[in-house]
Amino acid sequence: PVVVVVGNRLGALNHAILTVKAVEAKGCVVRGVVLNQVQEEQDVAGVTNRGVLEARFGEQFVGEVMHEAAELEAEVLEGLGF
């Protein structure tokens, strides 16, 4: 199983969709898509990316990792099956 981690910035949607398609084309299973907050302040893309990823990937979208987080939140761990 593969976890796709996407930096939350402009281009994140394209990155996520193309990466998931490439992983699945190789016959692997995407266990989850995680949005990684790469900076504290967000632009318009950073604010809207989560909603678009949730709509596009449904249950495959397991949550986000906040900027400078020391550990993964329960939402992400549960979504990954831990």
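Residues numbered from 1 in each chain as written. Predicted model: local features only at pLDDT ≥ 70, side-chain atom pairs only at ≥ 80, totals over all residues. Heavy atoms only, no water.

Caption draft 1: Inspection of the overall build of the protein chain at higher detail. Along the backbone of the protein chain there are three helices and three strands. Secondary structure elements of the protein chain, listed N to C terminal, follow the sequence β-α-β-α-β-α. Summarising its shape, the C-alpha atoms of the protein chain cover approximately 35 × 25 × 20 Å along the three principal directions. Looking at the protein chain residue by residue over its 82 residues, the buried ones come to 32%. Once local pairs closer than 6 in sequence are excluded, the contacts in the protein chain between residues at least 24 apart make up 73%. (Helix = DSSP H or I, 4+ residues; strand = E, 2+ residues; numbered from the N terminus. Buried < 20%, exposed > 50% of the residue type's maximum accessible area, 1.4 Å probe, protein only. Contact = heavy atoms within 4.5 Å.)

Caption draft 2: Fine view of a nonpolar patch on the surface. There is a patch of nonpolar side chains on the surface, built from Leu 72, Leu 77 and Phe 82 and spanning about 300 Å² of accessible area. Its location among the elements puts Leu 72 in the loop between strand E3 (61–65) and helix H3 (74–79). By relative accessible area, Leu 72 is classed as partly exposed at 38%. (Patch = residues over 30% accessible without salt bridge, like charges linked within 9 Å, V, L, I, M, F, W, Y side chains within 5 Å. Areas by Shrake-Rupley, 256 points an atom, 1.4 Å probe, with all protein chains shown as cover. Salt bridge = Lys/Arg side-chain N within 4 Å of Asp/Glu carboxyl O.)

Caption draft 3: Representation of the sheet that holds strand E2 (residues 30–36) in the model. Taken together, the three strands give an open sheet; going across it, the order is E1-E2-E3, and neighbouring strands pair in parallel fashion. The sheet is open, and its two edges are formed by strand E1 (2–7) and E3, each paired on a single side. Sheet twist, expressed as the average angle between the axes of neighbouring strands with direction ignored, equals 25°. As judged from the six bridges shared by E1 and E2, these two strands associate in the parallel manner. Paired with Val 3 across the strands is Gly 32, a residue of E2. Contacting E1 and E2, helix H1 (residues 12–25) runs over the sheet at an angle of about 165° to E1. Of the strands in this sheet, E2 and E3 touch helix H2 (residues 44–57), which is tilted by about 160° from E3. (Pairing = 2+ DSSP bridges. Axes fitted to C-alpha atoms, helices over the stretch in contact; angles between N-to-C directions.)

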